Amino acid sequence: MMSKPDAILVFDFGGQYCHLIARRARESNVYSEIVPCDVTVEELQKIGSRLNVKGLIFSGGPSSVYDPSAPKIDPRILDLGIPILGLCYGHQLIAHLMGGTVKGGSKQEYGITYVTVVHPVGVLKGMKKKEKVWMSHGDTVQSLPEDFEVLAYSENCPVAAFRHEEKAIYGLQWHPEVVHTEHGEQMLKNFIFEVCRCRANWRPSHVVEQQIKLMKETVGGEKAIIALSGGIDSGTAAIIAAKALGENLTAVFVDHGFMREGESSYVKEVFGKLGVKVTVVEASERFFKKLKGVTQPEEKRRIIGNEFVRVFEEEARKIGAQYLIQGTIYPDRIESGFRKHSDKIKSHHNVAGLPTDIKFKAVIEPLKDLYKDEARKLAKNLGLPDSVVWRQPFPGPGLAVRVIGEVTPEKVEIVRKADRIVSEEIEKAGLNKGLWQYFAVLTNTKSTGVKGDSRAYGYVVAVRIVESREAMTASFAKVPYEVLERISTRITNELPSVSRVVYDVTHKPPATIEWE
Ligand code: XMP
């Protein structure tokens, strides 16, 4: 890796798509990091000691520039001479700070919109007269100061894109980072390569050598522990750690009782073959006990997260581990760190949640700067089998958040079997690689049916199958009816307590992928 890669910094104003901006830059092999929007010039200088900061992108966000609590920036940043691109709120903020007018939202635009490009230059180089873009805003920029020019407008938005006449400052009211903006990728590439003149000199694989070296130096001959879930993040971290530490690494798989069928033996076998020492801790009884009578999703997540940490701490003590390795990836860190201006949707617990009572000499997070698909690339390079590399994401609290309402062993067993049927049928039909997730949810509704000649009053199972790029947005998959029919027939035949199967046809947003 070059000592200082060219980089784009994304200023986080709390927008739902903030991560996608950094992702798009990295897909073009330009390193990108998200920073809090109120980062100061002095802090930027510090970042400059490790990164060659070539451009700044101001993200969208839920605020209006006139809100007293609206996120602000260090105004000196506009004068640093570093190219800037404002998106949505970022676009409005630049216009506002530079003396333009922004008006609150009588004419809101959400979803696909067509803009008219009047000057296809800079960020809009090569764009057609009419461009299909994704808008999601209430406020609009109404007018610009003298030294700015309008590059595009839409029916409800007189200044949909602008640029400064001399400085490299651009604004787009729409979201080029979202796939629904037809040429969004090209718009961002225009900014990164044409305006900022970045070199494409960053690859996720640079991380492996760096991390192995760092781990060897940090841990020396002592012992380290990692919580292994079998998923791509902790799995990849475990392989890197095993390469660096060998026998001095123990991977602990905590079976909380909400795992998919065959999961613990699968994890032990696959990772064992790859040279990772795996310990399986069977802890289901204590988890079910803690969840007795609990029905609220956030409460379930909190309890499972806490109990997980307790079990893990006990194991760490037994092993005498001085170092903790975690499979934390970049979005986990950002979400739990400084996202001041975004809304909390649900508490995603990272399975390798940091133990609170044990004092480790250090916590090492080899994937801390990577996104999911970057970790996936590494996993492939490190020899992880396709079954792990393409493993569906699985929530830390497992099947417990796929049983709506109180979690009991009986209900978990039903959803586990239904989950296996969904997986088998999707995989048999060869649909798995194109899908983000496919699973069953046990609703807390019962429904009348007829099985044989008798009345059946049983559970309603919902099947959720989604396509997604990075789980920020998702679409329900238009799976052939014959496949859905096989799933439904098998679930109602093989699970006597289920009388009805429904298919979830909701996108994210407005729903989330998991039901809880
Ligand atoms: P939602 O339901 O928020 O989920 O649309 C987005 C993605 O994250 C997965 N998910 C989790 N992953 N710990 C995790 O590691 C969690 O607590 C958790 N909850 C949801 C979910 O399966 C989907 O892929």
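Further up the page is the structure itself.
The residue count restarts for each chain, going from 1 along the sequence in the order it is written. Totals for whole chains, interfaces and linings use every residue, but because this is a predicted model, local features are given only for residues with pLDDT of at least 70 and side-chain atom pairs only at 80 or more, for both listing and counting. As a convention, hydrogens and water are excluded, and side-chain values are obtained from all of the structure's heavy atoms.

S.K.: Account for the overall build of the chain, with residues named and values stated.
M.R.: In terms of helices and strands, the chain carries 14 helices and 20 strands. Relative to its length of 516 residues, the chain is compact, with a C-alpha radius of gyration of 25 Å against a globular reference of 24 Å. For the chain, the C-alpha atoms occupy an extent of roughly 75 × 65 × 40 Å along the three principal directions. Here's how the labels work: a residue is buried when its accessible area is under 20% of the maximum for its type, exposed when over 50%, partly exposed in between, all with a 1.4 Å probe on protein chains only. When each of the 516 residues of the chain is scored for burial, the buried share is 55%. For this analysis, residues touch if any pair of their heavy atoms sits within 4.5 Å. Nonlocal contacts in the chain, meaning residues at least 24 apart in sequence, comprise 76% of its contacts between residues at least 6 apart. Where accessible areas are quoted, they stem from the Shrake-Rupley method and a 1.4 Å probe; at the residue level, only the protein chains shown are allowed to cover. Counting only carbon and sulfur atoms, one obtains 51% of the accessible surface of the chain, whose full area is about 22,300 Å². Asp and Glu count as negative and Lys and Arg as positive, but His and the ends of the chain are not part of the count. Charge positions come from single atoms, namely NZ of Lys, CZ of Arg, CG of Asp or CD of Glu. The distance from the centre of the 70 positive side-chain charges to the centre of the 65 negative ones in the chain is 2 Å. The secondary structure listing takes helices from DSSP runs of H or I that are at least 4 residues long and strands from runs of E that are at least 2 residues long, numbered from the N terminus. C-alpha atoms define the radius of gyration, and 2.2 Å times the number of residues to the power 0.38 defines the globule rule.

S.K.: Give me the pattern of salt bridges: which residues, what numbers.
M.R.: We define a salt bridge as a side-chain nitrogen of Lys or Arg found within 4 Å of a carboxyl oxygen belonging to Asp or Glu. Inspection of the entire model under this criterion finds 42 salt bridges. Residue Lys-372 pairs with Asp-233 through a salt bridge whose shortest N-O separation is 3.2 Å. Of the two residues, Lys-372 sits in helix α11 (residues 372–381) while Asp-233 sits in helix α6 (residues 232–245), which places them 139 residues apart along the sequence. Glu-314 is the partner of Arg-286 in a salt bridge, and the nearest nitrogen-oxygen pair spans 3.1 Å. In this pair, Arg-286 sits in helix α8 (residues 284–291) while Glu-314 sits in helix α9 (residues 297–319), placing the two residues 28 residues apart along the sequence. Relative accessible area serves as the criterion here: at 36%, Glu-314 is assigned to the partly exposed category. Several salt bridges share partner residues, and in doing so they unite Glu-261, Arg-420, Glu-424, Glu-425, Lys-428, Arg-486, Arg-490 and Glu-494 into one network.

S.K.: I'd like a rundown of α6, residues and numbers included.
M.R.: An expected span of 1.5 Å times one less than the residue number is assigned to each helix. For α6, built from 14 residues, the straight-helix expectation of 20 Å at 1.5 Å per residue is met to within 8% by its first-to-last C-alpha distance of 19 Å. Of all the 14 residues making up α6, 13 are buried; the element is thus mostly covered by neighbouring parts of the structure. Positive phi appears at Gly-246, one or two residues downstream of α6, with a value of about 55 degrees.

S.K.: Mind laying out the packing of aromatic side chains, listing which residues take part and the relevant values?
M.R.: Put simply, two rings from Phe, Tyr or Trp (the six-membered ring, in Trp's case) pair if the centres are within 6.5 Å, and we call them stacked under 30 degrees between planes, edge-to-face over 60, tilted for the rest. This model, assessed by the stated rule, comprises ten aromatic pairs. Taking the centre distance of 5.3 Å and the plane angle of 50 degrees together, the rings of Phe-13 and Tyr-89 count as tilted. Within this pair, whereas Phe-13 is found in the loop between β1 (6–12) and α1 (18–27), its partner Tyr-89 is found in helix α3 (residues 89–97), the two being separated by 76 residues in sequence. Look at Phe-13 and you get buried, because its relative accessible area is 0%. Overall, the relative accessible area of 1% leaves Tyr-89 in the buried class.

S.K.: Before we move on, could you go through unusual backbone geometry and cite the residues and values that matter?
M.R.: For the bond from Lys-508 to Pro-509, the omega torsion is -20 degrees, close enough to zero to count as cis. Phi at Asn-29 is positive, roughly 65 degrees, even though this residue is not glycine. Along the chain, the position of Asn-29 falls in the loop between α1 and β2 (31–36). Relative accessible area serves as the criterion here: at 22%, Asn-29 is assigned to the partly exposed category. Backbone geometry at Cys-88 places phi at a positive 55 degrees, although glycine is not the residue there.

S.K.: Now, about the nonpolar core: what can you tell me, with residues and values included?
M.R.: Joining through side-chain atoms within 4.5 Å is the link that ties buried Ala, Val, Leu, Ile, Met, Phe, Trp, Tyr and Cys residues into a set, and such a set is a nonpolar core. Membership of the largest hydrophobic core comes to 72 residues, with the highest contact counts inside it found for Leu-9, Phe-11, Phe-58, Leu-249, Phe-271, Val-276 and Ile-325. When residues no more than four places from it in sequence are discounted, the contact partners of Val-276 are Ala-238, Ile-239, Ala-242, Leu-249, Ala-251 and Phe-271. Among the nonpolar cores identified, the runner-up in size contains 48 residues, and Leu-291, Phe-360, Leu-435 and Val-463 belong to it.

S.K.: Go over the sheet that holds strand β14 (residues 278–282), please, and point to the residues and values.
M.R.: By definition, the strands of a sheet pair up through backbone hydrogen bonds, in either a parallel or an antiparallel sense. The pairing criterion is simple: DSSP has to find at least two bridges between the two strands. Read across the sheet, five strands follow the order β14-β13-β12-β15-β16 without closing on themselves; strand pairing throughout is parallel. The two strands at the open ends of the sheet, each matched to only one other strand, are β14 and β16 (362–364). Each neighbouring strand pair of the sheet contributes to a mean axis angle of 25 degrees, computed without reference to strand direction. Axis definition: a line fitted to C-alpha atoms, over the contacting stretch in the case of helices. Angles run 0 to 180 degrees between N-to-C directions.

S.K.: With reference to specific residues and values, describe the packing of helix α5 (residues 206–219) against α6.
M.R.: Contact pair α5 / α6: the axes reach a minimum separation of 9 Å and the direction vectors enclose 55 degrees. As judged from the angle between their axes, α5 and α6 are oblique. When you trace α5 past α6, the crossing you get is right-handed. Mapping the contact onto sequence places Val-208, Gln-211, Ile-212, Met-215, Lys-216 and Val-219 in α5 and Ile-240, Ala-241, Lys-243, Ala-244 and Leu-245 in α6. Grouping the amino acids of the contact of α5 with α6 by side-chain chemistry returns eight nonpolar, one polar and two charged. With respect to orientation, any angle under 35 degrees is reported as roughly parallel, any angle over 145 as roughly antiparallel, any angle of 65 to 115 as roughly perpendicular, and every other angle as oblique. Less than a right angle of anticlockwise turn of the near helix away from the far helix marks a crossing as left-handed, whereas a clockwise turn marks it as right-handed. Residues are grouped as follows: nonpolar covers Ala, Val, Leu, Ile, Met, Phe, Trp, Tyr, Cys and Pro; charged covers Asp, Glu, Lys and Arg; every other residue, Gly included, is treated as polar.

S.K.: Quick rundown of the state of the cysteines? Include the residues and the values.
M.R.: The rule for a disulfide is simple: a pair of cysteine sulfur atoms within 2.5 Å. Considering all chains together, one arrives at zero disulfides under this definition. As a non-bridged cysteine, Cys-88 has Cys-157 as the owner of its nearest cysteine sulfur, 9.3 Å distant. In this structure Cys-88 comes out as buried when scored by relative accessible area, which is 5%. Counting only cysteine sulfurs, Cys-198 is the nearest neighbor of Cys-196, a cysteine outside any disulfide, at a range of 5.1 Å. The exposure class assigned to Cys-196 is buried, which follows from its relative accessible area of 5%.

S.K.: Describe a negative patch on the surface, with residues and values.
M.R.: Negative charge collects at one region of the surface, where Glu-146, Asp-147, Glu-165 and Glu-166 lie side by side. Among the secondary structure elements, Glu-146 is positioned in the loop between β8 (140–143) and β9 (148–154). Think of a patch as exposed residues, more than 30% relative accessible area, with no salt bridge, where like charges cluster within 9 Å and nonpolar side chains (Val, Leu, Ile, Met, Phe, Trp, Tyr) cluster within 5 Å.

S.K.: Account for the side chain of Thr-328, with residues named and values stated.
M.R.: Its place among the elements puts Thr-328 in the loop between β15 (323–325) and α10 (330–336). Assessed through its relative accessible area of 7%, Thr-328 is described here as buried. At 2.9 Å, the side chain of Thr-328 and the side chain of Glu-365 are in polar contact. Definition of a polar contact: a pair of N or O atoms within 3.5 Å, with one able to donate and the other able to accept a hydrogen when the atoms are protein atoms, and with sequence-neighbouring residues admitted only if both atoms are side-chain atoms.

S.K.: Go over the sheet that holds β2, please, and point to the residues and values.
M.R.: Sheet architecture is open: nine strands sit in the order β2-β1-β3-β4-β11-β10-β9-β6-β7, paired in mixed fashion. A strand with exactly one partner marks an edge of an open sheet, and here the two such strands are β2 and β7 (130–137). In this sheet, neighbouring strand axes are inclined to one another by 30 degrees on average, regardless of whether the strands run parallel or antiparallel. The strands touched by α1 are β1, β2, β3 (52–58) and β4 (84–87); relative to β2, the strand with the most contacts, the crossing angle is about 155 degrees. Each of β3, β4, β7, β10 (157–164) and β11 (169–172) touches α3; the most contacted strand, β4, lies at about 115 degrees to it.

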